[in-house]
Amino acid sequence: IILQRGNLMKEKNPWHKPVTIIITVIGVIAIVALVTVAVLQNRPLPQKYKYGIVLDAGSSHTALYIYEWPAEKDNNTGRVEQTHSCKVKGPGISSYASAPLKAGESLRACMQEAEQRVPGKRYHETPLYLGATAGMRLLNMENSSASEKVFQAVEEALQKFPFSYQGARILSGQEEGAFGWVTVNYLDDRLEQGLETTGALDLGGASTQISFVSDNYDGSESPSNSVTFRLYGNDYNLYTHSFLCYGKDQVLRMALAHQTQTGPESILDPCFHPGYNATKNYSILYDSPCVSDRKPQRAPVNFTHVGNGNFKQCQNVVKSVFNFTHCNYTHCSFNGIFQPLLQGPFGAFSAYYFVMNFLNLSDTSIPLETVKEKLARYCATPWNQIIQQHPDIKLKYLAEYCFSGTYILTLLTEGYNFTSDSYPNIKFIKKIKGSDAGWTLGYMLNLTNMIPAEAPDSPPLPHAGYVSIVTIMALLLLILFVVSLRPLWPRCSKQPQII
Ligand SMILES: O=c1[nH]cnc2c1ncn2[C@@H]1O[C@H](COP(=O)(O)OP(=O)(O)O)[C@@H](O)[C@H]1O
Ligand SMILES: [Ca+2]
């Protein structure tokens, strides 16, 4: 009987049937394979990078920037980052008008650095651009054949490198302003998300740019200030203006020209520290289209530049470089240039940042009146004390911070109409998420078509969500499968039947 019972038990356990075992094993293998394939197939591929190089040939110096982005995801947002920058030794390329070959040579060291930073197998597909700004605009106005020679020399030097050379050219003021705006908003991820944009304030040595979106500007009033973009499915109507000669170095020339109109032997300059005393050359001072027509006749060769450090008087000198007499539009900034009402936050970079950071005034939550008081105290500090306090700073920069700070505050308030209420909307910035604020990134994004006009189609689920859902579904299938075999389950709990 016991034997019989044992036989009965064996026959009744369907799990031990070969067919059931095979089906179960196949089912488990299929589910494991499904999950594995789903996970592996959709795993993000190992990152490969592409590179782009932009040379910013500014009026005072040239800088090289290397950008990097994942090779598979060109069209995704916020993915292009600056990986390296190199400051070219010596002055800007426009200063080599009388020795153009040296302009090309000056770029070599930074280009060699770029060769080290970009992987060799990417050289040929790495675009290389050079964009020149206001220094070359002025040289081109003054002596176009000299500017052509400089470009020729620069071009020859750059073509010797193994990158994909895409040309050297002068950017228009609108391009310089608009691409600075693109850079700032791209790095802040504002474009793809369609967020309110940040205005861009760029202060160079020879020109300055203001760019922002304003609800009361559709481009119809003063169309030359309008730049339109369609980015990620959003339309932007940007106001932008570049003031040639209103970079801080050219404004200093204009301020000195204002003070030397009669060709004196010496001037007492409120924008320089008390005790500052330097001999300057009239011909060098007036050697720029921004001031050349004002050169006093019968001036001596040199004049003595003496400081007396008075902020209020310095503001008056600086104001003399702005013209507020005429405006043929609803609103103007200065020199009869249209400007819509200021709107939104602003990022102020390049020399805005260098100067305000040096002066410890980059925090715009400090009330504007306090900023002015602090700057007034700084300007009144004797020159020898300033030198002692900042032994590592180049004397040329050091001597000019009082002037530059005064110019920045005057430009922002009197020029662009920022008030003590709207001043805190400005942020003085150097970098955003590791990339320098400036026109170069926006320029490259535009020329490589890296910002799509329409929003890219993105997969409905991120990778992790996709994997989780596939795994959960596979487990459910497994449970369903096991449950479906229920009629074949052994009835272990039942009492053995005794026949
Ligand atoms: O460390 C610094 N302290 C103060 N000013 C600086 C420093 N580095 C650069 N600058 C200034 O920033 C400005 C940069 O202008 P840039 O050469 O880009 O001219 P551009 O944009 O008008 O062509 C110049 O006035 C230069 O002197
Ligand atoms: Ca610049």
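Residues numbered from 1 in each chain as written. Chains lettered and ligands numbered in written order. Predicted model: local features only at pLDDT ≥ 70, side-chain atom pairs only at ≥ 80, totals over all residues.

## Some points on the overall build of the protein
For step 1, the next point in the chain: Looking only at helices and strands, the protein features 16 helices and 16 strands.
For step 2, the next point in the chain: The C-alpha atoms of the protein give 34 Å as radius of gyration, which overshoots the globular expectation for 499 residues (23 Å, by more than 25%).
For step 3, the next point in the chain: Summarising its shape, the C-alpha atoms of the protein cover approximately 135 × 50 × 50 Å along the three principal directions.
For step 4, the next point in the chain: Contacts in the protein between residues far apart in sequence, at least 24 positions, make up 77% of those at least 6 positions apart. (Helix = DSSP H or I, 4+ residues; strand = E, 2+ residues; numbered from the N terminus. Rg over C-alpha atoms; globule rule 2.2 N^0.38 Å. Contact = placed C-beta atoms within 7 Å.)

## Describing the site of ligand 1
For step 1, the next point in the chain: Every one of the 20 residues lining ligand 1 counts as a neighbour, but Gly58, Ser60, Thr133, Gly204 and Gly205 are closest to it.
For step 2, the next point in the chain: Of all the elements in the fold, those that place two or more residues in the shell around ligand 1 are helix 5 (134–142), helix 8 (248–259) and helix 11 (351–358).
For step 3, the next point in the chain: In terms of residue class, the shell around ligand 1 is built from 6 nonpolar, 12 polar and 2 charged.
For step 4, the next point in the chain: Both domain 2 (49–170) and domain 3 (248–428) contribute no fewer than three residues apiece to the shell around ligand 1. (Near = placed C-beta within 6 Å. Nonpolar A, V, L, I, M, F, W, Y, C, P; charged D, E, K, R; others polar. Domains from an automatic or database assignment.)

## Quick look at the UniProt feature "binding site: ATP" (unreviewed entry) in the protein
For step 1, the next point in the chain: UniProt marks Gly205, Ala206, Ser207, Thr208 and Gln209 with the feature "binding site: ATP" (unreviewed entry), using the numbering shown here.
For step 2, the next point in the chain: Ignoring any residue separated from it by four or fewer positions in sequence, one finds Thr208 in contact with Asp202, Leu203, Phe243, Tyr246, Gly247 and Leu411.
For step 3, the next point in the chain: Mapped onto the elements of the fold, Gln209 is located in strand 7 (residues 207–213).
For step 4, the next point in the chain: Aside from chain neighbours lying at most four places away, what touches Gln209 is Gly173, Glu176, Gly177, Gly180, Asp202, Thr240 and Ser242. (UniProt positions renumbered as here; feature names shortened; annotations may be inferred.)

## Focus on helix 11
For step 1, the next point in the chain: For helix 11, the set of buried residues is Ala351, Tyr352, Tyr353, Val355 and Met356.
For step 2, the next point in the chain: In this structure, the buried residues of helix 11 make contact with strand 6 (199–203), helix 8, strand 13 (346–350), helix 14 (395–415) and strand 14 (426–428).
For step 3, the next point in the chain: Positive phi appears at Asn360, one or two residues downstream of helix 11, with a value of about 60°. (Buried ≥ 20, exposed ≤ 12 C-beta atoms within 10 Å, placed from the backbone.)

## A look at the UniProt feature "active site" (unreviewed entry) in the protein
For step 1, the next point in the chain: Sites flagged by UniProt as "active site" (unreviewed entry) map to Glu176.
For step 2, the next point in the chain: Tracing the backbone through its elements, the reader meets Glu176 in helix 7 (residues 173–187).
For step 3, the next point in the chain: The class of Glu176 is buried, set by 28 C-beta atoms lying within 10 Å.
For step 4, the next point in the chain: Excluding residues that lie within four positions of it along the chain, Glu176 makes contacts with Thr133, Leu171, Gln209, Ser242 and Trp439.

## Some remarks on the packing of helix 10 (residues 311–319) against helix 14
For step 1, the next point in the chain: In contact at an axis separation of 9 Å, helix 10 and helix 14 are set at 60° when each is read in the N-to-C sense. Classified by the angle their axes make, helix 10 and helix 14 are oblique. Relative to helix 14, helix 10 is oriented so that their crossing is right-handed. Of the residues in helix 14, those touching helix 10 at Phe311, Cys314, Gln315, Val318 and Lys319 are Cys402, Phe403, Thr406, Tyr407, Thr410 and Glu414.
For step 2, the next point in the chain: Looking at side-chain class alone, the contact of helix 10 with helix 14 contains 6 nonpolar, 3 polar and 2 charged residues. (Axes fitted to C-alpha atoms, helices over the stretch in contact; angles between N-to-C directions. Parallel < 35°, antiparallel > 145°, perpendicular 65-115°, else oblique. Left-handed = near helix turned anticlockwise from the far one by under 90°.)

## A few points about the environment of Leu476
For step 1, the next point in the chain: Note that Leu476 resides in helix 16 (residues 463–484).
For step 2, the next point in the chain: We classify Leu476 as exposed; it has 10 C-beta atoms within 10 Å.
For step 3, the next point in the chain: Measuring from C-alpha to C-alpha, the distance between Leu476 and Ser266 comes to 91 Å, with 210 residues separating the pair along the chain.

## Examining the nonpolar core
For step 1, the next point in the chain: Within the largest apolar cluster, 111 residues are counted, with the highest numbers of intra-cluster contacts made by Val154, Ala255, Ala348, Tyr352 and Ile408.
For step 2, the next point in the chain: For this core, the leading source of residues is helix 14, giving 9 residues.
For step 3, the next point in the chain: Counting contributing residues per domain, this core is built from domain 2 (49–170) and domain 3 (248–428), each supplying no fewer than three.
For step 4, the next point in the chain: Excluding residues that lie within four positions of it along the chain, Tyr352 makes contacts with Leu201, Leu203, Ile408 and Phe428. (Core = buried A, V, L, I, M, F, W, Y, C linked by C-beta atoms within 7 Å.)

## Section: the domain arrangement of the protein
Buried accessible area, meaning the area lost when the parts come together, often serves as the stated size of an interface.
For step 1, the next point in the chain: Examined at the domain level, the protein breaks down into domain 1 (2–41 + 461–488), domain 2 (49–170) and domain 3 (248–428).
For step 2, the next point in the chain: Between the C-alpha centres of domain 1 and domain 3 there is a distance of 79 Å.

## Describing the pairing of strand 4 (residues 127–132)
For step 1, the next point in the chain: Counting buried positions along strand 4 yields 5 of 6 residues, so the element is predominantly enclosed.
For step 2, the next point in the chain: The pairing of strand 1 (residues 49–57) with strand 4 spans 5 bridges and is classified as parallel. Considered in strand 4, the bridge of Val54 is made with Tyr129. (Pairing = 2+ DSSP bridges.)

## Remarks on the sheet that holds strand 12 (residues 302–307)
For step 1, the next point in the chain: Pairing in this open sheet of 3 strands is mixed, and the strands run 10-12-11 from one edge to the other. Of all the strands in the sheet, just strand 10 (266–269) and strand 11 (277–281) have a single pairing partner and so form its edges. Ignoring strand direction, the axes of neighbouring strands in this sheet form an average angle of 25°.
For step 2, the next point in the chain: The sheet contact formed by strand 11 and strand 12 spans 5 bridges and is antiparallel. Note on strand 12: the bridge partner recorded for Asn277 is Val306.

## Quick look at the packing of helix 7 against helix 15 (residues 439–447)
For step 1, the next point in the chain: For the pair helix 7 and helix 15, interaxial distance at closest approach is 7 Å and the crossing angle is 90°. By the criterion of interaxial angle, the relationship of helix 7 to helix 15 is roughly perpendicular. Residue-level contacts link Glu176, Phe179, Gly180, Val182, Thr183 and Tyr186 of helix 7 to Trp439, Leu441, Gly442, Tyr443, Leu445 and Asn446 of helix 15.
For step 2, the next point in the chain: Along the lines of polarity and charge, the residues of the contact of helix 7 with helix 15 split into 7 nonpolar, 4 polar and 1 charged.

## A few points about the environment of Cys402
For step 1, the next point in the chain: Counting through the fold element by element, Cys402 comes out in helix 14.
For step 2, the next point in the chain: The class of Cys402 is buried, set by 30 C-beta atoms lying within 10 Å.
For step 3, the next point in the chain: Counting along the chain gives 351 residues from Cys402 to Tyr51, while the straight-line C-alpha distance between them is 40 Å.
For step 4, the next point in the chain: Sequence-distant contacts of Cys402, that is, excluding residues within four places in its chain, are made with Cys271, Phe272, His273, Gly309, Cys314, Tyr378 and Cys379.

## So, the sheet that holds strand 1
For step 1, the next point in the chain: Strands sit in the order 3-2-1-4-5 across an open sheet of 5 strands; the sheet is mixed. The open sheet has two edge strands, strand 3 (81–87) and strand 5 (164–170), and neither has a second partner. Mean inter-strand twist for the sheet, computed between neighbouring axes without regard to direction, equals 15°.
For step 2, the next point in the chain: Lying over the sheet, helix 15 contacts strand 1, strand 2 (62–70), strand 3, strand 4 and strand 5, oriented at roughly 125° with respect to strand 1.

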